[in-house]
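Structural overview
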Number of protein chains: 2
Amino acid sequence: MNAPSGQPRPARGARQESLRELNLELVFRHVLAAERSISRTELAAATGLTRPTITRIVEELIAGRLVTETGSARDGRAGRPRVGLTPSRSGPAGLGLDIRTDGLAACVVDLQGTVRHLAFAPIDLEGPDAPALLNHLARMACEAVEAVAAEGLTVIAATLAVPGAVDRGVVRSAPVLGWRDVDAGALLRAATSELGLPINVDNEANLAAHGELHAAGQNQADFLYVSGGLDIGAGMILDGRLMRGSRGWSGELGHFTVDPDGKPCPCGARGCLQTYASLHAILDGQTVPAGTTPDAAAIAWADEGRPATLASIDTAATALGIAVSGALNLLDIDTVLLGGSFALLSSWMTAKVKSEVDQRVLSSSWAPITIRPATLGPDAAAIGAALTFIDRLREHPTSWLAHG
Amino acid sequence: MNAPSGQPRPARGARQESLRELNLELVFRHVLAAERSISRTELAAATGLTRPTITRIVEELIAGRLVTETGSARDGRAGRPRVGLTPSRSGPAGLGLDIRTDGLAACVVDLQGTVRHLAFAPIDLEGPDAPALLNHLARMACEAVEAVAAEGLTVIAATLAVPGAVDRGVVRSAPVLGWRDVDAGALLRAATSELGLPINVDNEANLAAHGELHAAGQNQADFLYVSGGLDIGAGMILDGRLMRGSRGWSGELGHFTVDPDGKPCPCGARGCLQTYASLHAILDGQTVPAGTTPDAAAIAWADEGRPATLASIDTAATALGIAVSGALNLLDIDTVLLGGSFALLSSWMTAKVKSEVDQRVLSSSWAPITIRPATLGPDAAAIGAALTFIDRLREHPTSWLAHG
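An unreviewed UniProt entry annotates chain A as ROK family transcriptional regulator of Glycomyces buryatensis. On record in UniProt, under Sequence similarities (unreviewed entry), the comment for chain A is "Belongs to the ROK (NagC/XylR) family."

See the structure below:
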């Protein structure tokens, strides 16, 4: 019982150098968090650092294209000119790529977290194999990098969102795509070799949850994001952080057992949520008209009040409520965001999900639970993917400054 | 979208003062992590700090009773005397109190994480009300503090483990005890006023998981601890940290839906794991002989091969496997520790739990899952409770030095 539990391993001593890093990161955080542009004087007051230290750090941040000066003079006090500082709108940027139910998406986000490019290409997932799909995405990546370069942005890294379980760039299993052990990271790296970008691959529900976290800002530090579609996944945000699990395979809500003796699931088990609440289950074998996406068909049929569709949406909502209750009992989270198809169908699903949750979550009798549609809609995963490296850079600007 | 997501709020700048704190914490971590006693020279080499800095910090740690010198001279090099340093065995200590299925426990742990006192009093939970139970625990607390004072230990704080959901000292709901909104923290503080200790109240499964984490050391950073008994709870350890949930109510595995149309549960829902796998469910209404605990009765009956008992253990294991599968699909954890009654009955349960998990957890087809009994047995929660403040002290010794 000698090893200290729950503690980081001992490291090297803190020296002058790391103090400089810490202070630079601190100043940058204040620039990022400021509602409007912030002056050097305000930074000194907010951080408690001396004016010369602030001056030196700001110089470094400007040289590294992380911060820019604004000409504005809005200090509120008359006669005193003021040079404001804001996160750069023409510095480093992040690229997000997403394989969606209905097509491919590419998105670029700048240092401020603003979406600067968003492209979508409809595609039938049943068609192309993995290399063809990733080649298509690679072309969209090149177009995105070129488009934002015209605005002075430098894309520094890309993240690919995949509806499946990912293990260090390798997609272990993505049933919707028919992928098993596909090295998507290597394939995409090869197809985008001219860009020379670091490439990261991650689960789409995780990335969508990350995107929603960004959209919610400081107002929502704990929530469960549930993504509906051909596949069902979840992303958990606890204390403002995405919980990826020990190997990044967390959030497999689609394979929660809803009924132990229920319908067989392609995964080999019985009664998985997937078999009740995937888009396939909701459409219940009815043929989707040509030129219509499965989502659009489900919405149209629910809208015209087709009894079969309404019944299967009801079944889906009940099953989702049971699975979500399990997650909430386990995690102690009080907010559920319905994403993907569940967001589109939320007006037919929310009440039913809520009634299961109110009945099955122990704490709901003394602390209410909120179920609501997600904010970013179908772009959540692409935006979250684009934010991955940008958020890392926002936290640790010194690593960028060292290489930049 | 201005607020930086997933980042700590900006704080004040790092100055000389916090540098001193960081370095003191670093040196203390190295003393704690050392397999045997460690010399000042070794500390300087390991931390990269100068010899005078080490000398000053060690003096502070010795004065604060956190570190002691050992006379040993085991440097391996002949002729060079060596004074070793170890965490103090007669400094601050933590007290853990636990309300168990079969009685009350008190435990004291020193800075090294070694159990220095462990007392148990069998008691029938159906008898005393909350104040009576907590008065009994207060007497055990006083005895514990006195017993370890004789060995030079100073108890600095106490943590009470309760089988229920706790909210800032108030037990919101503990059905096994018949408690609802009981301010256990205030009652225990009043009953132990002569000791003047800070008192913390927490869920027993959380604390037991913390105890198991300590017992496993660096070897097991991710696991799900499942506690069986009159009530069922779970504690989640991810990346070496206990996940308490947004309000500390995580781990309500007992109210996972196993069968949506199953037996009614006292919580108001149907088909909760509790109704299949609690000790009550396993004993299935059979009368426990006087002088025997429910656990002991279940083991004895399983041992003699009573068909009814074996059948209900089988049902419990299947239900537990279904609920645990949901948790593993969601959290991405590959190890499950069976604690409490489940540990005692593990030889009859493990295989069945494993078979459900292998069938229902998506990642199990490419990454094996381990199900095994917990290490600390029924004392896990009391030990984990005693460790709560001690671990905080191990991480942040400066707060103790400031007040000590």
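Turning to its location among the elements, Thr350 of chain B is positioned in helix 12 (residues 346-360). Ignoring sequence-local partners within four residues, the contact set of Thr350 of chain B consists of Leu338 and Ile371 of chain B.

Time to look at the relation of the copies chain B and chain A. The transform that puts chain B on chain A rotates by 180° and translates by 0.0 Å along the axis, for an RMSD of 0.0 Å. The transformation relating the two chain copies, once decomposed into turn and shift, fits a two-fold axis. Taking the C-alpha atom as reference, chain B places Asp259 of chain B closest to the rotation axis, 2.8 Å from it. Same-surface contact between copies: 99% of interface residues of chain B are shared with the interface of chain A.

Let us now look at helix 9 (residues 294-303) of chain A. Residue and element names in this part refer to chain A. By the burial criterion, the buried members of helix 9 are Asp295, Ala297, Ala298, Trp301 and Ala302. Within helix 9, the buried residues cover an arc of 165° as seen down the axis, which keeps them to one side. The secondary structure elements touched by the buried residues of helix 9 are helix 8 (279-283), helix 10 (307-331), helix 11 (341-344) and helix 12 (346-360). At the exit of helix 9 stands Gly305, carrying a positive phi of roughly 75°.

Our focus in this paragraph is unusual backbone geometry. Leave glycine aside and you will find that most residues have negative phi; peptide bonds, for their part, are mostly trans. Positive phi is not limited to glycine here, since Arg65 of chain A has a value of about 65°. Note on Arg65 of chain A: relative accessible area 33%, which makes it partly exposed. In this structure, Arg168 of chain B takes a positive phi of about 45° despite not being glycine. As for its placement among the helices and strands, Arg168 of chain B is situated in the loop between strand 8 (165-167) and strand 9 (170-174).

Glancing now at the nonpolar core. Counting 88 residues, the largest nonpolar core has Leu224, Leu253 and Leu320 of chain A together with Leu224, Leu253 and Leu320 of chain B as its most contacted members. Not counting residues within four places of it along the chain, the set of residues in contact with Leu224 of chain A comprises Ala234, Gly235, Met236, Val324, Ala327, Leu328, Leu331, Ile333, Thr335, Val336 and Leu337 of chain A. If you look at the next biggest cluster of nonpolar residues, it comprises 47 residues, including Val58, Leu66, Val109 and Ala385 of chain A.

Residue and element names in this part refer to chain B. Read across the open sheet, the 5 strands follow the order 14-13-12-15-16; overall the sheet is mixed. A single partner strand is all that each edge strand has here, and the edge strands are strand 14 (241-242) and strand 16 (370-373). Judged from the 5 bridges that link them, strand 12 (residues 223-228) and strand 15 (residues 335-340) form a sheet pairing that is parallel. Across the sheet, Leu224 pairs through a bridge with Val336, a residue of strand 15.

Residues and elements named next belong to chain A. Counting buried residues in strand 7 (residues 154-162) gives 8 out of 9 residues, a clear majority hidden from the surface. The pairing of strand 4 (residues 92-100) with strand 7 spans 7 bridges and is classified as parallel. Note that in strand 7 the partner of Leu97 across the bridge is Leu160. Here strand 7 pairs with strand 11 (residues 199-203) via 5 bridges, running parallel.

Take the packing of helix 4 (residues 130-149) of chain B against helix 5 (residues 184-191) of chain B next. All names here are of chain B. Here helix 4 crosses helix 5 at 50°, and the two axes come no closer than 9 Å. Classified by the interaxial angle, the pair formed by helix 4 and helix 5 is oblique. Two packed elements cross with a definite hand, and for helix 4 against helix 5 that hand is right-handed. Judged by residue contacts, Leu134, Asn135, Leu137 and Ala138 of helix 4 engage Ala184, Leu187, Leu188 and Ala191 from helix 5. Among the residues making up the contact of helix 4 with helix 5, the classes are represented as 7 nonpolar, 1 polar and no charged.

Residues and elements named next belong to chain A. For the structure on display, the rule yields 40 salt bridges over all chains. The partner of Asp110 in a salt bridge is Arg89, and the shortest N-O contact between them spans 3.8 Å. Here Arg89 lies in the loop between strand 3 (84-87) and strand 4 and Asp110 lies in strand 5 (residues 103-110), a separation of 21 residues in the sequence. By relative accessible area, Asp110 is classed as buried at 0%. Salt-bridge contacts for Glu395 lead to Arg241; the nearest nitrogen and oxygen are separated by 3.7 Å. Of this pair, Glu395 sits in helix 13 (residues 380-395) while Arg241 sits in strand 14 (residues 241-242), and the two are 154 residues apart along the sequence. Classification of Glu395 as buried rests on a relative accessible area of 18%.

Before going further, it helps to examine the domain arrangement of chain A. Residues and elements named next belong to chain A. Taken domain by domain, chain A comprises domain 1 (16-87), domain 2 (92-207 + 381-403) and domain 3 (217-375). Using C-alpha coordinates to define each centre, domain 2 is positioned 25 Å away from domain 3. In this assembly, 14 residues from domain 2 lie in contact with 18 residues from domain 3. The junction of domain 2 with domain 3 conceals about 1300 Å² of combined surface from both sides, 49% of it contributed by carbon and sulfur atoms. Ranking the residues of domain 2 by area buried against domain 3 places Thr101, Ala205 and Asn206 at the top, with a combined share of 41%. The residue Asp202 makes a salt bridge to Arg244 at a minimum N-O spacing of 2.4 Å. Counting every contact that joins domain 2 to domain 3 gives 3 residue pairs in polar contact (both at pLDDT 80 or more). Mapped onto the side of domain 2 that touches domain 3, the elements with two or more residues apiece are strand 8 (165-167) and helix 6 (204-216). Tallied by class, the residues present in the side of domain 2 that touches domain 3 amount to 6 nonpolar, 2 polar and 6 charged.

How each quantity is defined
- Residues numbered from 1 in each chain as written.
- Chains lettered and ligands numbered in written order.
- Predicted model: local features only at pLDDT ≥ 70, side-chain atom pairs only at ≥ 80, totals over all residues.
- Heavy atoms only, no water.
- UniProt positions renumbered as here; feature names shortened; annotations may be inferred.
- Helix = DSSP H or I, 4+ residues; strand = E, 2+ residues; numbered from the N terminus.
- Contact = heavy atoms within 4.5 Å.
- Least-squares fit on C-alpha atoms with pLDDT ≥ 70 in both.
- Buried < 20%, exposed > 50% of the residue type's maximum accessible area, 1.4 Å probe, protein only.
- Arc of directions from axis to C-beta.
- Core = buried A, V, L, I, M, F, W, Y, C linked by side-chain atoms within 4.5 Å.
- Pairing = 2+ DSSP bridges.
- Axes fitted to C-alpha atoms, helices over the stretch in contact; angles between N-to-C directions.
- Parallel < 35°, antiparallel > 145°, perpendicular 65-115°, else oblique.
- Left-handed = near helix turned anticlockwise from the far one by under 90°.
- Nonpolar A, V, L, I, M, F, W, Y, C, P; charged D, E, K, R; others polar.
- Salt bridge = Lys/Arg side-chain N within 4 Å of Asp/Glu carboxyl O.
- Domains from an automatic or database assignment.
- Buried area = accessible area lost by both parts, 1.4 Å probe.
- Polar contact = N/O pair within 3.5 Å; in protein donor to acceptor, adjacent residues only side chain to side chain.

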